[in-house]
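Residue-level structural notes
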Amino acid sequence: EQVSEFIRMVGILSKRITVVDDSFGDSSGVTTTLEGMQSVFDKLVTDKAEYDMILIDYYQNVDYSSKNPELNEYQVQERFARYLDIFKNRYNAPIVLLGQLKPYDDEKTPFKLRIEGRKTIYNASTTCVEVQRDTPNHRSKFIIRKSRFPAALGEEIMVGFDKGKLV
(Lines give C-alpha, C1' and ligand atoms only; values in the text may rest on other atoms or scores of the structure.)
Protein backbone atom coordinates (compact mmCIF):
# COMPACT_ATOMS: atom_id res chain seq x y z
CA GLU A 1 0.00 0.00 0.00
CA GLN A 2 2.78 2.43 0.85
CA VAL A 3 4.53 1.70 -2.46
CA SER A 4 1.32 2.49 -4.33
CA GLU A 5 0.79 5.71 -2.36
CA PHE A 6 4.38 6.80 -2.92
CA ILE A 7 4.14 6.18 -6.68
CA ARG A 8 0.82 8.07 -6.78
CA MET A 9 2.21 11.05 -4.82
CA VAL A 10 5.34 11.36 -6.93
CA GLY A 11 3.25 11.00 -10.10
CA ILE A 12 1.21 14.01 -9.04
CA LEU A 13 4.34 16.06 -8.46
CA SER A 14 6.00 15.20 -11.74
CA LYS A 15 4.87 13.68 -15.01
CA ARG A 16 8.48 13.35 -16.12
CA ILE A 17 10.07 10.89 -13.70
CA THR A 18 9.16 8.87 -10.64
CA VAL A 19 11.91 7.92 -8.22
CA VAL A 20 11.41 5.07 -5.77
CA ASP A 21 14.17 4.89 -3.18
CA ASP A 22 14.92 2.31 -0.53
CA SER A 23 12.96 3.95 2.25
CA PHE A 24 9.96 6.20 2.45
CA GLY A 25 7.35 6.53 5.12
CA ASP A 26 7.85 3.69 7.55
CA SER A 27 9.11 1.26 4.89
CA SER A 28 12.62 0.08 4.30
CA GLY A 29 14.17 -2.36 1.86
CA VAL A 30 11.97 -1.22 -1.01
CA THR A 31 14.81 -1.28 -3.54
CA THR A 32 17.29 -3.57 -1.80
CA THR A 33 15.09 -6.57 -1.06
CA LEU A 34 13.67 -9.03 -3.55
CA GLU A 35 10.20 -8.60 -2.09
CA GLY A 36 10.42 -4.80 -2.14
CA MET A 37 11.32 -4.74 -5.83
CA GLN A 38 8.63 -7.30 -6.65
CA SER A 39 6.01 -5.21 -4.86
CA VAL A 40 6.99 -2.10 -6.82
CA PHE A 41 6.76 -3.95 -10.15
CA ASP A 42 3.57 -5.82 -9.25
CA LYS A 43 1.97 -2.51 -8.28
CA LEU A 44 2.81 -1.06 -11.69
CA VAL A 45 0.81 -3.87 -13.28
CA THR A 46 -2.15 -3.85 -10.87
CA ASP A 47 -2.41 -0.04 -10.95
CA LYS A 48 -1.99 -0.05 -14.75
CA ALA A 49 0.68 2.61 -14.32
CA GLU A 50 2.23 3.47 -17.67
CA TYR A 51 5.85 4.51 -17.86
CA ASP A 52 8.07 4.82 -20.91
CA MET A 53 10.97 3.07 -19.21
CA ILE A 54 11.99 1.48 -15.92
CA LEU A 55 15.53 2.29 -14.77
CA ILE A 56 17.10 0.29 -11.95
CA ASP A 57 20.26 1.68 -10.40
CA TYR A 58 21.80 -0.72 -9.61
CA TYR A 59 21.32 -4.48 -9.88
CA GLN A 60 23.78 -5.54 -7.18
CA ASN A 61 21.89 -3.56 -4.51
CA VAL A 62 19.06 -6.10 -4.60
CA ASP A 63 20.84 -8.49 -2.27
CA TYR A 64 18.49 -9.49 0.54
CA SER A 65 15.23 -11.39 0.94
CA SER A 66 13.03 -10.35 3.85
CA LYS A 67 10.85 -13.42 3.28
CA ASN A 68 13.84 -15.82 3.08
CA PRO A 69 16.70 -14.19 5.02
CA GLU A 70 18.77 -17.38 4.76
CA LEU A 71 19.34 -16.71 1.05
CA ASN A 72 22.73 -15.23 0.21
CA GLU A 73 23.07 -12.25 -2.14
CA TYR A 74 23.75 -14.46 -5.19
CA GLN A 75 20.60 -16.49 -4.59
CA VAL A 76 18.57 -13.28 -4.20
CA GLN A 77 20.03 -11.83 -7.41
CA GLU A 78 19.27 -15.07 -9.27
CA ARG A 79 15.65 -14.93 -8.16
CA PHE A 80 15.47 -11.24 -9.06
CA ALA A 81 16.84 -11.99 -12.54
CA ARG A 82 14.21 -14.71 -13.01
CA TYR A 83 11.49 -12.37 -11.78
CA LEU A 84 12.55 -9.63 -14.24
CA ASP A 85 12.65 -12.15 -17.08
CA ILE A 86 8.97 -12.95 -16.43
CA PHE A 87 7.96 -9.37 -15.57
CA LYS A 88 9.23 -8.00 -18.90
CA ASN A 89 6.45 -9.97 -20.59
CA ARG A 90 3.78 -8.40 -18.35
CA TYR A 91 4.76 -4.74 -18.69
CA ASN A 92 5.03 -2.72 -21.86
CA ALA A 93 8.20 -0.72 -21.24
CA PRO A 94 11.90 -1.45 -21.52
CA ILE A 95 13.71 -2.24 -18.30
CA VAL A 96 17.16 -0.68 -18.11
CA LEU A 97 19.28 -2.26 -15.44
CA LEU A 98 22.54 -0.64 -14.40
CA GLY A 99 25.20 -2.69 -12.74
CA GLN A 100 28.79 -2.72 -11.60
CA LEU A 101 31.53 -4.40 -13.61
CA LYS A 102 34.89 -5.65 -12.50
CA PRO A 103 37.74 -3.59 -13.99
CA TYR A 104 38.60 -4.18 -17.63
CA ASP A 105 41.99 -5.89 -17.34
CA ASP A 106 42.32 -7.75 -20.60
CA GLU A 107 40.32 -8.65 -23.68
CA LYS A 108 40.31 -12.34 -22.75
CA THR A 109 37.87 -11.96 -19.84
CA PRO A 110 34.35 -12.30 -21.25
CA PHE A 111 31.92 -9.48 -20.47
CA LYS A 112 29.56 -11.83 -18.61
CA LEU A 113 32.31 -12.82 -16.16
CA ARG A 114 33.06 -9.17 -15.41
CA ILE A 115 29.56 -8.53 -14.03
CA GLU A 116 29.68 -8.13 -10.25
CA GLY A 117 27.25 -10.33 -8.35
CA ARG A 118 25.23 -13.10 -9.95
CA LYS A 119 25.86 -13.48 -13.69
CA THR A 120 22.42 -14.93 -14.48
CA ILE A 121 21.18 -11.41 -15.17
CA TYR A 122 23.17 -11.59 -18.41
CA ASN A 123 21.23 -14.67 -19.54
CA ALA A 124 17.87 -12.98 -18.86
CA SER A 125 18.87 -9.75 -20.62
CA THR A 126 17.86 -8.97 -24.17
CA THR A 127 20.65 -6.45 -24.68
CA CYS A 128 23.81 -5.72 -22.70
CA VAL A 129 25.79 -2.55 -23.21
CA GLU A 130 29.09 -1.73 -21.55
CA VAL A 131 30.02 1.88 -20.97
CA GLN A 132 33.72 2.73 -20.88
CA ARG A 133 34.89 6.22 -20.11
CA ASP A 134 37.54 7.92 -22.17
CA THR A 135 38.47 10.78 -19.84
CA PRO A 136 41.32 12.30 -21.85
CA ASN A 137 39.03 12.70 -24.87
CA HIS A 138 35.96 13.79 -22.83
CA ARG A 139 33.75 11.02 -24.09
CA SER A 140 32.29 7.60 -23.31
CA LYS A 141 32.21 4.49 -25.43
CA PHE A 142 29.04 2.35 -25.45
CA ILE A 143 29.86 -1.21 -26.57
CA ILE A 144 27.10 -3.68 -27.51
CA ARG A 145 28.01 -6.91 -25.67
CA LYS A 146 24.75 -8.81 -26.20
CA SER A 147 21.94 -8.19 -28.66
CA ARG A 148 19.04 -9.91 -30.38
CA PHE A 149 20.57 -8.65 -33.59
CA PRO A 150 23.91 -10.39 -34.25
CA ALA A 151 25.10 -7.59 -36.54
CA ALA A 152 25.07 -5.20 -33.56
CA LEU A 153 27.48 -7.29 -31.44
CA GLY A 154 30.69 -5.43 -30.80
CA GLU A 155 29.37 -2.16 -32.21
CA GLU A 156 30.83 0.89 -30.48
CA ILE A 157 29.04 4.19 -30.10
CA MET A 158 31.10 7.18 -29.03
CA VAL A 159 29.29 9.85 -27.00
CA GLY A 160 30.85 13.15 -25.92
CA PHE A 161 30.94 14.30 -22.31
CA ASP A 162 30.82 18.00 -21.44
CA LYS A 163 30.24 19.71 -18.08
CA GLY A 164 28.88 16.57 -16.45
CA LYS A 165 26.54 15.58 -19.27
CA LEU A 166 26.63 13.15 -22.16
CA VAL A 167 26.39 15.12 -25.43
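As a starting point, this report considers the structure included with it. Quick caveat: nothing in here was measured; it's all calculated off a predicted structure. (Residues numbered from 1 in each chain as written. Predicted model: local features only at pLDDT ≥ 70, side-chain atom pairs only at ≥ 80, totals over all residues. Heavy atoms only, no water.)

1. Description of the overall build of the protein chain
A tally of regular secondary structure across the protein chain gives 5 helices and 6 strands. Seen in sequence order, the protein chain has helices and strands lined up from the N terminus as α-α-β-α-β-α-α-β-β-β-β. Counting only residues that meet the buried cut, the protein chain has 33% of its 167 residues in that class. Taking contacts inside the protein chain between residues at least 6 apart in sequence as the whole, the part at least 24 apart equals 44%. (Helix = DSSP H or I, 4+ residues; strand = E, 2+ residues; numbered from the N terminus. Buried < 20%, exposed > 50% of the residue type's maximum accessible area, 1.4 Å probe, protein only. Contact = heavy atoms within 4.5 Å.)

2. A few points about helix H3 (residues 73–87)
Under the 1.5 Å per step criterion, the end-to-end length of H3 is 20 Å for 15 residues, consistent within 8% with the ideal 21 Å. Each element contacted by the buried residues of H3 is listed here: helix H2 (34–46), strand E1 (54–57), strand E2 (95–98) and helix H5 (120–124). You can read the cap of H3 off the contacts: a side-chain oxygen lies 2.9 Å from the backbone nitrogen of Tyr74, and it is on Asn72. (Expected span 1.5 Å × (residues − 1). Polar contact = N/O pair within 3.5 Å; in protein donor to acceptor, adjacent residues only side chain to side chain.)

3. What about the packing of aromatic side chains?
According to the stated counting rule, one finds 6 aromatic pairs in the structure shown. Aromatic side chains Phe111 and Tyr122 sit 6.2 Å apart centroid to centroid with 55° between the ring planes, which places their arrangement in the tilted category. With Phe111 in helix H4 (residues 111–114) and Tyr122 in helix H5, this pair connects stretches of sequence that are 11 residues apart. Taking NZ or CZ as reference, Lys146 lies 4.9 Å from the ring centre of Tyr122, over its face. (Phe/Tyr/Trp six-rings, centres within 6.5 Å; stacked < 30°, edge-to-face > 60°. Lys NZ or Arg CZ within 6 Å of the ring centre and 35° of its normal.)

4. Describing the packing of H2 against H3
Running from N to C, H2 and H3 cross one another at 10°; their axes reach a closest spacing of 10 Å. With respect to their mutual orientation, H2 and H3 come out roughly parallel. Seen from H2, the contacting residues are Leu34, Met37, Gln38, Phe41, Asp42, Leu44 and Val45; seen from H3, they are Val76, Arg79, Phe80, Tyr83, Leu84 and Phe87. Residue composition of the contact of H2 with H3, grouped by class: 10 nonpolar, 1 polar and 2 charged. (Axes fitted to C-alpha atoms, helices over the stretch in contact; angles between N-to-C directions. Parallel < 35°, antiparallel > 145°, perpendicular 65-115°, else oblique. Nonpolar A, V, L, I, M, F, W, Y, C, P; charged D, E, K, R; others polar.)

5. As for the pairing of strand E4 (residues 139–146)
Bridge count between strand E3 (residues 128–134) and E4: 7 bridges; the pairing is antiparallel. Opposite Val131, over in E4, you have Phe142 as the bridge partner. Linkage of E3 to E4, two consecutive antiparallel strands, is achieved through a turn of 4 residues, within which His138 is found at a positive phi near 55°. Looking at chain direction, E4 and strand E5 (residues 156–162) are connected through 5 bridges and run antiparallel. When the bridges of E5 are listed, Lys141 appears paired with Met158. (Pairing = 2+ DSSP bridges.)

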